[in-house]
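Fold and contact review
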Amino acid sequence: MKIAFVLDHPLMHYRVPFFNLLSRKFDHKVSVFHAGNKLDSNEIFFEQIIVEKKKILKIFDYRKGLDLTSFDIVVCMQNMRLLNLWNITLKQHRSYKLIHWGIGVSSSKGLRSQSNSIRIIRNFLMRFADAVVFYSAYPLQFVKKSLKDKCFIALNTIENSLSVDLSPFPKDALIFIGSLNRRKGLQETIIAFHQYLQRNPKNIRKLFIIGEGEEYANLSEYISSNGLENNILLLGKIENEEEKKKYFKKSIASISLNQAGLSVLESFSFGV
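Per chain, residues are indexed from 1 in the order of the written sequence. Local features are withheld for residues below a pLDDT of 70 in this predicted model, meaning they are given only at 70 or higher, and side-chain atom pairs are given and counted only at 80 or more; totals for whole chains, interfaces and linings count all residues. Excluding hydrogens and water, the side-chain figures rest on all heavy atoms present in the structure.

**Digging into the overall build of the protein**
Along the protein, the regular secondary structure elements total seven helices and 13 strands. Residue burial is assigned from relative accessible area. The probe radius is 1.4 Å, only protein chains are included, and a residue is buried under 20% of its type maximum, exposed over 50%, and partly exposed in between. Buried residues in the protein amount to 40% of all 272 residues. In what follows, residue pairs with any heavy atoms lying within 4.5 Å of each other are defined as contacts. At a minimum sequence separation of 6, the contacts of the protein that also span at least 24 residues come to 63%. If you sum the accessible surface of the protein, you get close to 15,400 Å²; carbon and sulfur atoms cover 52% of it. Two residue types count as positive, namely Lys and Arg, and two as negative, namely Asp and Glu; His and chain ends fall outside the count. A single reference atom marks each charge: NZ on Lys, CZ on Arg, CG on Asp, CD on Glu. Separation of charge centres in the protein, based on 39 positive and 25 negative side chains, amounts to 8 Å. By the criteria applied, helices consist of DSSP H or I runs no shorter than four residues and strands consist of E runs no shorter than two, each listed in order from the N terminus. Areas reported here follow the Shrake-Rupley algorithm with a probe of radius 1.4 Å; residue values treat only the protein chains shown as occluding.

And the structure:
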């Protein structure tokens, strides 16, 4: 079976085991369309197709060059800002089965803040999909009763081949892991940690920040201007599990002030 995945983000390393599993264990031909850099690895057993990303009216994204005619199933991220979702969903006489896949709600302002208009549009588009797969059961409360039979739950997960309980080791740090986006509240986090350090605590003296994103420059400026280089460490993007394990081993807790996703599961997998 030929399956296409249309992503609304670059292919992330934590998705690779899932696509590999579909390709190898179930012997499907999996092609992943994304607008990021091609991941080069001998451990990738599916096809990557790099497409051009265009910004429309500063709000919407569009992927150029999507040719889906040869596929049996197309799985498209259910992101209302992705114009291809609309094109693919509303296309008449398509030859493939269509699955919507995603969080199922808006996450930009927190899961509890849901727009009624977006909910209505989402339900409208779902009418034309053959199935809908959500990361969790949370969005089901916003789905029309007549559409719930086509909805399925595939919990969002992350693989950790080094899963180990690190809780018994001595701790002197907190850790954040994830994209450095404004919605995560990282600026507020490091200001709060700075205030905490001014109380001269004896045990927890460091904050590890693992990831990359739009807030990196702002965070770096605050850290350097306040002389916090030895206490708040911007470690950049780390994909190697052995490397991440060193920081989790020293951390008493994983924190994300306003929004968190797979970092919760990854932290638990290290016993943090």
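There's more to say after this.
**What about the environment of Ile 177?**
Tracing the chain through its elements places Ile 177 in strand β10 (residues 173-177). Taking the C-alpha atoms as reference points, Ile 177 and Val 264, separated by 87 residues in sequence, lie 9.0 Å from one another. Non-local contacts of Ile 177, meaning those with residues more than four positions away in its chain, are made with Ile 210, Lys 244, Phe 248, Ser 263 and Glu 266.

**Some thoughts on the sheet that holds strand β2 (residues 29-34)**
For two strands to be treated as a pair, DSSP must find no fewer than two bridges joining them. The strand order β3-β2-β1-β6-β7-β8-β9 describes an open sheet built from seven strands, whose pairing is parallel. Looking along the sheet, the strands with just one partner apiece sit at the ends: β3 (47-50) and β9 (151-153). On average, each strand axis in the sheet is tilted by 20° relative to the strand beside it, whichever way the strands run. Contacting β1 (2-6), β2 and β7 (97-102), helix α1 (residues 16-24) runs over the sheet at an angle of about 150° to β2. A fitted line through C-alpha atoms serves as each axis, taken over the contacting stretch for helices, and the angle formed by two N-to-C directions is quoted from 0 to 180°.

**As for the layout of surface pockets**
Using a grid of 1 Å spacing that covers the protein atoms alone, one calls a set of points a cavity when a 1.4 Å probe fits there but cannot get out, and a pocket when the set is open and has protein on both sides within 12 Å along at least five of seven lines; lining residues are those with an atom within 4 Å of a point. Grid points are joined across faces, edges and corners, and a volume is the space filled by probe spheres set on the points. Taken as a whole, the second largest pocket encloses approximately 370 Å³ of empty space. Lining the second largest pocket are 18 residues; nearest its centre among them are Arg 15, Phe 18, Leu 22, Trp 101 and Ala 154. Contributing elements (two or more residues each) for the lining of the second largest pocket: β1, α1, β6 (73-77) and β7. Considering each element in turn, the lining of the second largest pocket owes the most residues, three residues, to α1. The nonpolar class holds Ala, Val, Leu, Ile, Met, Phe, Trp, Tyr, Cys and Pro. Asp, Glu, Lys and Arg form the charged class, and all remaining residues, Gly among them, are polar. Considered class by class, the residues forming the lining of the second largest pocket number 14 nonpolar, two polar and two charged.

**Notes on the packing of aromatic side chains**
Two rings belonging to Phe, Tyr or Trp (six-membered ring only in the last case) form a pair when the distance between their centres is within 6.5 Å. Interplanar angles under 30 degrees mark stacking, angles over 60 mark edge-to-face geometry, and anything in between is tilted. Inspection of the entire model under this criterion finds 13 aromatic pairs. Between the aromatic rings of Phe 18 and Trp 101, the centroid separation amounts to 5.9 Å while the plane-to-plane angle is 40°, which identifies the pairing as tilted. Of the two residues, Phe 18 sits in helix α1 while Trp 101 sits in strand β7, which places them 83 residues apart along the sequence. Assessed through its relative accessible area of 8%, Trp 101 is described here as buried. Taken together, the ring pairs in this structure connect Phe 5, Phe 18, Phe 19, Phe 46, Trp 101 and Tyr 135 into an aromatic cluster. Cation placement over rings: the criterion is NZ of Lys or CZ of Arg within 6 Å of the ring centroid and within 35° of the ring normal. Here the guanidinium or amino end of Lys 2 rests over the ring plane of Phe 71, the centre of that ring lying 5.4 Å away.

**Some words on the pairing of strand β4 (residues 52-56)**
Look at any regular strand and the pattern is simple: side chains alternate between the two faces of the sheet. Note: β4 against strand β5 (residues 60-64), five bridges, orientation antiparallel. Following the sheet pairing, Lys 53 is matched in β5 by Arg 63.

**Focus: the packing of helix α2 (residues 83-90) against helix α3 (residues 116-126)**
Taken N-terminus to C-terminus, the directions of α2 and α3 make an angle of 40°; their axes are 10 Å apart at the nearest point. In this view, α2 runs oblique relative to α3, as classed from their interaxial angle. In contact with Leu 85, Trp 86, Thr 89 and Leu 90 of α2, α3 contributes Ile 121, Phe 124 and Leu 125. Taken together, the residues of the contact of α2 with α3 break down into six nonpolar, one polar and no charged. Angles below 35 degrees are treated as roughly parallel, those above 145 as roughly antiparallel, those between 65 and 115 as roughly perpendicular, and all remaining angles as oblique.

**A few points about the sheet that holds strand β12 (residues 232-236)**
Read across the sheet, four strands follow the order β12-β11-β10-β13 without closing on themselves; strand pairing throughout is parallel. The open sheet has two edge strands, β12 and β13 (251-254), and neither has a second partner. Between one strand and the next, the sheet's axes are offset by a mean angle of 25°, whatever the strand orientation. Pairing of β10 with β13, which is carried by three bridges, proceeds in the parallel orientation.

**Considerations on the nonpolar core**
Throughout, nonpolar core names a set of buried Ala, Val, Leu, Ile, Met, Phe, Trp, Tyr and Cys residues whose side chains join them through atoms within 4.5 Å. Judged by nonpolar contacts, the single largest core of 17 residues is most densely connected at Phe 5, Leu 7, Phe 19, Val 30, Val 32, Phe 46 and Trp 101. Broken down by secondary-structure element, the contributors of at least two residues to this core are β1, α1, β2 and β6. Apart from the residues lying within four places of it in its own chain, the contact partners of Trp 101 are Phe 5, Leu 7, Arg 15, Phe 18, Phe 19, Val 75, Cys 76, Met 77, Gln 78, Val 133 and Tyr 135. Phe 176, Leu 186, Ile 209 and Tyr 222 belong to the second largest nonpolar core, which has 16 residues in total.

**Quick word on empty space enclosed by the protein**
By rolling a water-sized probe across the atoms, one finds the places where empty space is left. As enumerated under the stated definition, the model contains one cavity of 30 Å³ or more in all. Considering the residues around the largest cavity, the lining is formed by 13 residues, among which Gly 104, Val 105, Arg 119, Arg 122 and Phe 142 are closest to the centre.

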